[in-house]
Amino acid sequence: MKSTLTILMALFFASSSLAQLDPQANTFTFDPGSGTAYDANCFRLYNNTQVTLDFYLFNPVNPDFGTGAERTVTNVSGFECKVTGTEGINILGWSFPVPYLNFGDSGELIVGYSEPVPVVGGAVKLASVDLFVGNITSFTLPAAPAGRCVNEDNAALEIGLANVQSIAGFTAYVDADDPVDPLVAGQVMSLQIAIYEEQPVATDSQTWGTLKALYR
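A. Seen up close, the packing of aromatic side chains. Counting across every chain of the model gives 9 aromatic pairs. An angle of 35° between the planes, with centres 4.9 Å apart, marks the rings of Phe 30 and Phe 55 as tilted. Note that Phe 30 is positioned in strand S1 (residues 27-30) and Phe 55 in strand S3 (residues 49-58), a separation of 25 residues in sequence. Since its relative accessible area comes to 1%, Phe 30 is described here as buried. With a relative accessible area of 0%, Phe 55 lands in the buried category. Ring centres of Tyr 56 and Phe 58 lie 5.4 Å apart, and the angle between their planes is 25°; this geometry places the pair in the stacked category. With relative accessibility at 17%, the residue Tyr 56 sits in the buried group. Since its relative accessible area comes to 24%, Phe 58 is described here as partly exposed. Through pairs of rings, three or more aromatic residues link up here, namely Phe 28, Phe 30, Phe 55, Phe 79, Trp 94, Tyr 113 and Tyr 173. The positively charged end of Arg 71 is found above the aromatic ring belonging to Phe 65, 4.0 Å away from the centroid.

Below, the structure is given as structure tokens:
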């Protein structure tokens with residue numbers, strides 16, 4: 001198991017695994033849970049609410065493992081990127097699956113884990129973020145969902161590059177099992193969000209299925 005110091009040194013000083021970066025692999029994004037394929041990267045939220053979303057790395061593949069062979073990543077020891085919210089999306093705080101150190105600032109996540117986090121089913125949850133949805137001043141909110149989420153989005157949780165990148169022009173993560181070059185380049189898919197007016201007080205006529213449907 002790599003020490004935290006080794007992880008952080010890898011994040012800042014290791015050379016980069018960039019060879020033949022697969023556009024379907026190494027993607028940082030938020031998983032909005034259930035939903036249609038068309039709305040897979042869009043989430044519906046009510047104004048003046050708090051919600052927790054999970055942040056994932058999907059399909060991690062190291063294109064240059066060890067001496068040069070491509071290999072599916074099975075354990076991740078750290079990552080770096082920057083996450084910011086547009087108007088109405090207020091980040092309250094982050095939590096991580098294992099003890100960690102975060103050297104990021106102003107939306108940056110430069111994170112080293114105390115122990116590797118396993119990849120399960122082609123994905124690994126890197127973190128969770130608590131959001132407050134509100135403080136909107138420049139646009140009017142629709143009353144309720146009327147169409148597809150991606151046609152109604154008015155905000156976003158944007159994933160981008162750290163201010164100083166370990167791999168220029170890319171996000172990055174650490175393949176805990178690579179003894180030669182553990183740093184792997186990643187790509188991002190930001191989460192579009194559709195914010196609606198405040199949720200009405202529930203009545204006996206409102207079913208759980210009706211309320212749950214908002215988040216699809």
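There is more to say, and it comes next.
B. View of the state of the cysteines. Summed over all chains, the structure comprises 1 disulfide. Two residues, Cys 42 and Cys 149, share a disulfide whose sulfurs are 2.1 Å apart. Across the disulfide from Cys 42 to Cys 149, rotation about the S-S bond amounts to roughly -70°, and the bridge is consequently left-handed. Pair noted here: Cys 42 is in strand S2 (residues 42-46) and Cys 149 is in helix H2 (residues 149-152), with a separation of 107 residues, a long-range link.

C. Representation of the pairing of strand S14 (residues 191-196) in the model. Of all the 6 residues making up S14, 5 are buried; the element is thus mostly covered by neighbouring parts of the structure. With 3 bridges joining them, strand S11 (residues 155-160) and S14 adopt antiparallel strand pairing. From the neighbouring strand, Ala 156 faces S14, where its bridge partner is Gln 192.

D. A look at the nonpolar core. Formed by 36 residues in total, the largest nonpolar core has its most connected members in Phe 55, Phe 79 and Leu 157. Those elements that provide at least two residues to this core are S1, S2, S3, strand S6 (75-85), strand S9 (108-118), strand S10 (123-133), S11 and S14. At 6 residues, S10 tops the list of elements feeding residues into this core.

E. Inspection of the pattern of salt bridges at higher detail. In the structure shown here, the tally under the stated rule is 2 salt bridges. Between Lys 125 and Asp 54 there is a salt bridge, and its shortest N-O distance comes to 3.8 Å. Pair noted here: Lys 125 is in strand S10 and Asp 54 is in strand S3, with a separation of 71 residues, a long-range link. Take Lys 125: its relative accessible area is 33%, and that puts it in the partly exposed class. With relative accessibility at 24%, the residue Asp 54 sits in the partly exposed group.

Scoring rules and cut-offs
Residues numbered from 1 in each chain as written. Predicted model: local features only at pLDDT ≥ 70, side-chain atom pairs only at ≥ 80, totals over all residues. Heavy atoms only, no water. Phe/Tyr/Trp six-rings, centres within 6.5 Å; stacked < 30°, edge-to-face > 60°. Helix = DSSP H or I, 4+ residues; strand = E, 2+ residues; numbered from the N terminus. Buried < 20%, exposed > 50% of the residue type's maximum accessible area, 1.4 Å probe, protein only. Lys NZ or Arg CZ within 6 Å of the ring centre and 35° of its normal. Disulfide = S-S within 2.5 Å. Pairing = 2+ DSSP bridges. Core = buried A, V, L, I, M, F, W, Y, C linked by side-chain atoms within 4.5 Å. Salt bridge = Lys/Arg side-chain N within 4 Å of Asp/Glu carboxyl O.

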